[in-house]
Amino acid sequence: MKLCHMISVLPTARKRSIKNEPKNRALNLVYFLKRENTGIRVCQTFFRNALGLTNHRISHVAKIICQGEVPKENRGGDHTSAKSATKREKVVEFIGQLKGQESHYNRAKSKRIYLPAHLSIARLHKMFTESVDSQYKVSYLMFRKIFLTKFNIGFSSPASDCCGQCTRLTHMIKIENDPKKKSELSLQYRVHNKRVKCFYEMMKEKPEDAVSLCFDLQQVQPLPRTPISDAFYSHQISFYSLCCVGMNSKNPTFYLWTEDLASRGCTEIGSALLSHLNEVPLANKTVIRLFCDGCGGQNKNSHIVHTLLYWLKFESPLNITQINLTFPVRGHSFMPADRAFGRVEKLLRKHPTIETKQGYHKLYAEVGAIKILGQDWFIKDIKELQTFYKKVDGISDLKRIVFKKTRKNNRNNVTVTCYQHYRFESTNEIQQSLLKKNKSDQGFQLNNMELHRSIPDKKKKTLRKLMAEQFGENWESQENLKWYQQILCTAENQSDNSHLREDHHELDEQCDCLEEEDSLHI
């Protein structure tokens, strides 16, 4: 009888079983014929050939069944995962204990952490192999697969802006042979890192009665922004951006201006800071906490101190009674404003060509609010305040400056206290009034400065050459480039560059990051 006829006489359920389990067709058919006692004799050769079975397989299955057992599945499938489960758990536990750092620039948007640049997956696999018993060792491929699929971890780029003191002390400790000197150097290194940690702990504090702000100036951007190689060797118009933002790096405010309007010294920084303090919400707050780097020509100077004193005394709301200005340890000035700059840099990389300053305005507006000089804020002549207020002695050594406002006889009085450490206070640090003797600042108001700055001759020549290279010889006739023509025409009519020289001299003031720290107090 043909095989199809043999199967046709089977019940429907048995037909389905035979079709769904092709592996056991022969066995099921034999069982059924034997049980139903149909009297049909099946040719063994035809049976084997029709189902593609061998004598060895039939005898092997029959032998196992006769012993009262069930044949085991030995074909395909994953038979090693269960055996490797313990090893995988050990790898996951090892990688989970690694202490990485969040991205410096994109911490608000990404949960990815970064390990030091000197590490790699191969080196981590070697460290894991050395830290576990032989029974838990795994191959590099297995370790790499778990690292890439179970974790969101990357490796940071090699640092290009390391702290000079950290690098110097690390090198001296490594080469020093005298145990006593080595111990002293190690102590200095630990105190230095403690001071760094203390600054960041202060930034992370969230007092209920205080608002915390950070302000910083971004790296200068060129105008026009172009990918051609000649631009690398050419002088271009500088585009400046000052960022003021809270500690969470959300909702930053960018104060934008160009080189033809103003420079990037303490006058511009102080004016933008005044504008921001007058706009930031301060309801139900009594203290303002400000954090900025220690650049002497921009942030850490007596002019900024005078500006904050003036604002607290004459323009601040009645509920604001104190301002705390804090500077980081040199070489460790990584602050929330840098994260906002990182988001801007991501957008700038996607736009290699930016022709006008309006192009920058549009990109910055995608990250936060923008304030354009001459429209939303103006430059104040904050240097006039030195007529009434004294300079702060030894400001380059300070870590904190505290302004406190008191009211007496319907007038506000502001005292200033300077600290050389974050936590430690000495008897030399006393409150003082910076108002000069026989001087009165009552009724004084800051005046707006003219928004104009001359361009040097060398920059004019290279800028014209670059514009012709980028936009053609007839670039002056293009409507979107009229702004450059106006700048160059105005600059060519100016013969006095004294204002420019003054600004450059202002920026050349010594920054506190070039000085040494000798104190062991934090």
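Residues numbered from 1 in each chain as written. Predicted model: local features only at pLDDT ≥ 70, side-chain atom pairs only at ≥ 80, totals over all residues. Heavy atoms only, no water.

**Q** Lay out helix H12 (residues 302–315) in plain terms, naming residues and giving numbers.
**A** Between its first and last C-alpha, H12 extends 19 Å over 14 residues, near the 20 Å set by a 1.5 Å rise per residue. Of all 14 residues that make up H12, 12 are buried, and the element is covered over most of its length. For H12, the full list of buried residues reads Ser 302, His 303, Ile 304, Val 305, His 306, Thr 307, Leu 308, Leu 309, Tyr 310, Trp 311, Leu 312 and Lys 313. Residues of H12 that are buried sit in contact with helix H11 (266–279), strand S8 (287–291), strand S9 (322–326), strand S11 (400–408) and strand S12 (411–419). The opening residue of H12, the one whose side-chain oxygen lies 3.1 Å from the backbone nitrogen of His 303, is Asn 301. (Helix = DSSP H or I, 4+ residues; strand = E, 2+ residues; numbered from the N terminus. Expected span 1.5 Å × (residues − 1). Buried < 20%, exposed > 50% of the residue type's maximum accessible area, 1.4 Å probe, protein only. Contact = heavy atoms within 4.5 Å. Polar contact = N/O pair within 3.5 Å; in protein donor to acceptor, adjacent residues only side chain to side chain.)

**Q** How would you explain unusual backbone geometry if you had to name every residue and give the values?
**A** Cis rather than trans, the peptide bond between Leu 223 and Pro 224 has omega equal to -5 degrees. If you trace the backbone, Pro 224 turns up in the loop between strand S5 (221–223) and strand S6 (237–246). For Asn 410, which is not glycine, the phi torsion reads 60 degrees and is therefore positive. Of note, Asn 410 is situated in the loop between S11 and S12. Overall, the relative accessible area of 67% leaves Asn 410 in the exposed class.

**Q** I'd like to hear about the side chain of Lys 300, residue by residue, with values.
**A** Summarising the element assignment, Lys 300 is placed in the loop between S8 and H12. The class for Lys 300 is buried, based on a relative accessible area of 4%. Among the polar contacts listed, one links the side chain of Lys 300 to the backbone oxygen of Ser 396, at a separation of 3.3 Å. Reaching out from Lys 300, the side chain makes a polar contact with the backbone oxygen of Leu 398 at a distance of 2.7 Å.

**Q** Lay out the packing of aromatic side chains in plain terms, naming residues and giving numbers.
**A** Applying the stated criterion to the full structure yields 17 aromatic pairs. Each ring, one from Phe 388 and one from Phe 444, has its centre 4.9 Å from the other, and the planes form 55 degrees; the classification is tilted. Of this pair, Phe 388 sits in the loop between strand S10 (369–372) and S11 while Phe 444 sits in the loop between S12 and helix H15 (457–471), and the two are 56 residues apart along the sequence. Considered together, Phe 388 and Phe 444 belong to a single accessibility category, that of buried residues. Here a set of aromatic residues connected by ring pairs shows up, and it is made of Phe 239, Phe 254, Phe 341, Tyr 360 and Tyr 364. Lying over the aromatic face of Tyr 136, Lys 90 brings its terminal NZ or CZ to 4.9 Å of the ring centre. When the ring centre of Tyr 419 is taken as reference, the NZ or CZ atom of Arg 400 above it lies at 4.1 Å. (Phe/Tyr/Trp six-rings, centres within 6.5 Å; stacked < 30°, edge-to-face > 60°. Lys NZ or Arg CZ within 6 Å of the ring centre and 35° of its normal.)

**Q** Provide a residue-level description of the packing of helix H7 (residues 121–131) against helix H8 (residues 140–150), including the pertinent values.
**A** Interhelical geometry of H7 versus H8 gives an angle of 115 degrees and a closest axis separation of 10 Å. Considering the angle they form, H7 stands roughly perpendicular to H8. The element H7 and its partner H8 pack so that their crossing is right-handed. On H8, the residues touching Ile 121, Ala 122, Leu 124, His 125 and Phe 128 of H7 are Tyr 140, Phe 143, Arg 144, Phe 147 and Leu 148. A class-by-class count of the residues in the contact of H7 with H8 yields eight nonpolar, one polar and one charged. (Axes fitted to C-alpha atoms, helices over the stretch in contact; angles between N-to-C directions. Parallel < 35°, antiparallel > 145°, perpendicular 65-115°, else oblique. Left-handed = near helix turned anticlockwise from the far one by under 90°. Nonpolar A, V, L, I, M, F, W, Y, C, P; charged D, E, K, R; others polar.)

**Q** How would you summarise the pattern of salt bridges if you had to cite specific residues and measurements?
**A** This structure, assessed with the given rule, holds seven salt bridges. With a shortest N-O distance of 3.4 Å, Arg 453 and Glu 259 are connected by a salt bridge. Here Glu 259 lies in the loop between strand S7 (253–258) and H11 and Arg 453 lies in the loop between S12 and H15, a separation of 194 residues in the sequence. A relative accessible area of 4% means that Arg 453 is categorised as buried. One network of salt bridges, with partners in common, ties together Glu 259, Arg 453 and Lys 459. (Salt bridge = Lys/Arg side-chain N within 4 Å of Asp/Glu carboxyl O.)

**Q** Could you give an account of the packing of H11 against H12, naming the residues involved and the relevant values?
**A** As a packed pair, H11 and H12 sit with axes 10 Å apart at the nearest point and diverge in direction by 25 degrees. In terms of their interaxial angle, H11 and H12 are classed as roughly parallel. For H11 against H12, the interelement crossing comes out right-handed. Contact with H11, carried on its side by Cys 266, Ile 269, Gly 270, Leu 273, Leu 274, Leu 277 and Asn 278, involves His 303, Ile 304, Thr 307, Leu 308, Trp 311 and Glu 315 of H12 and no other residues of that element.

**Q** Residue-level account of the confidence of the model for the protein chain, with values.
**A** Mean pLDDT over the protein chain stands at 79; residues scoring 70 or higher make up 79%. Here residues 104–109 is modelled with pLDDT under 50, and outside its nearest four sequence neighbours on either side it reaches 15 contacts, counting other chains as well. (pLDDT = per-residue confidence, 0-100.)

**Q** Can you explain the environment of Trp 475? Please cite residues and give values.
**A** As for its position among the elements, Trp 475 is in the loop between H15 and helix H16 (482–492). Trp 475 gets classed as buried once you look at its relative accessible area, which sits at 3%. For the pair Trp 475 and Gln 485, spaced 10 residues apart in sequence, the C-alpha to C-alpha distance is 9.1 Å. The residues contacting Trp 475, other than those within four sequence positions of it, are Arg 464, Met 467, Ala 468, Leu 481, Tyr 484, Gln 485 and Leu 488.

**Q** Can you break down the nonpolar core residue by residue, with the values?
**A** In this structure, Ile 288, Trp 311, Leu 325, Ile 401 and Phe 403 are the most contacted members of the largest nonpolar core, which totals 51 residues. Counting residues per element, this core draws most heavily on H12, at seven residues. Once you skip the residues sitting within four places of it in the chain, Ile 401 turns out to touch Val 305, Ile 323, Asn 324, Leu 325, Phe 327, Ile 395, Val 416 and Thr 417. One finds Phe 199, Cys 214, Phe 239 and Tyr 422 within the second-largest nonpolar core, a separate group that totals 41 residues. (Core = buried A, V, L, I, M, F, W, Y, C linked by side-chain atoms within 4.5 Å.)

**Q** Pulling in residues and values, what's your account of the pairing of S11?
**A** Alignment of S9 against S11, held across five bridges, turns out to be antiparallel. The residue of S11 that forms the bridge with Leu 325 is Ile 401. Where S11 lies against S12, nine bridges are found, and the strand directions are antiparallel. In the strand pairing of S12, Arg 400 is matched with Tyr 419. Hairpin connection from S11 to S12: two residues lie between these consecutive antiparallel strands, with Asn 409 at a positive phi of about 55 degrees. (Pairing = 2+ DSSP bridges.)

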